[in-house]
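Chain residues, written in single-letter form:
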Amino acid sequence: MSDKLGHDSLVMRLAERLRADGVKAGAVLPSEVALMAELGVVRQALETSLLAKVMPLHTAASRAEIREIAHEMEDRAAQGRSFAELDQQFHLSLFAPLRNSTLEGILGAFWTLLEVVEGPGPDVAIDPEVAAMHTAIIDAIEAGDFNHARYELDTHFYGVRRRVVPSRLRNKNRQASS
């Protein structure tokens, strides 16, 4: 997978090892949940700290592309459809101008691990509030307001942890006990 994504990081290899070790999609093990939580914290720290550096690198065209992704996320959420791959694309596009393969590898590892823990399915990312957070991020970036953009990005990470992760884990634990 790291070859496919063009990344070769320790974190990516760890996510691949979970798959190679026969971890079934949707099986929630304490070590996986902990790793996801840790990767989430690392993502939040990296993305919020690199935002000031990446904002001036975006062109009108790249911002429009990111906005289009955010709107598609909201559309899918309104239809009750997963926007997980668009969420990943949003964050990768947001930081693409940095051309930082380590950051891209960490983002890729997070999404790979998320897929391993949750497995495929319509409940991966359908929360309209989480989708709308992405539009708020690009709104602040387009306004050139770094502090507001960082606030919205931070809010997004806290919101995802508060709204989505606990419900996903509850759903998986219910499925496992059935």
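Not measured: the values here are computed from a predicted model.

This part takes up helix 7 (residues 128–142). Along its 15 residues, helix 7 runs 21 Å from first to last C-alpha, staying within 8% of the 21 Å computed at 1.5 Å per residue. Considered for burial, the residues of helix 7 that qualify are Val130, Ala131, Met133, His134, Thr135, Ala136, Ile137, Ile138, Ala140 and Ile141. With a side-chain oxygen lying 2.8 Å from the backbone nitrogen of Glu129, the N-terminal cap of helix 7 falls on Asp127. Looking one or two places after helix 7, you find Gly144, whose phi comes out positive at around 75°.

Tracing the backbone through its elements, the reader meets Arg76 in helix 4 (residues 60–78). Among the residues examined, Arg76 registers a relative accessible area of 15% and is labelled buried. The residues touching Arg76, leaving out its near neighbours within four places in the chain, are Arg81, Ser82, Phe83, Glu85 and Leu86.

In this structure the tally under the stated criterion is five salt bridges. Linking Glu47 and Arg43 is a salt bridge whose minimum nitrogen-to-oxygen distance equals 3.1 Å. With Glu47 and Arg43 both in helix 3 (residues 30–54) and four residues apart, this pair spans about one turn of that helix. Each member of the pair, Glu47 together with Arg43, is buried.

Considering the arrangement of structural elements, one finds Arg63 in helix 4. Taking the C-alpha atoms as reference points, Arg63 and Glu142, 79 residues apart in sequence, are found 7.1 Å from one another.

Definitions and limits used
- Residues numbered from 1 in each chain as written.
- Predicted model: local features only at pLDDT ≥ 70, side-chain atom pairs only at ≥ 80, totals over all residues.
- Heavy atoms only, no water.
- Helix = DSSP H or I, 4+ residues; strand = E, 2+ residues; numbered from the N terminus.
- Expected span 1.5 Å × (residues − 1).
- Buried < 20%, exposed > 50% of the residue type's maximum accessible area, 1.4 Å probe, protein only.
- Polar contact = N/O pair within 3.5 Å; in protein donor to acceptor, adjacent residues only side chain to side chain.
- Contact = heavy atoms within 4.5 Å.
- Salt bridge = Lys/Arg side-chain N within 4 Å of Asp/Glu carboxyl O.

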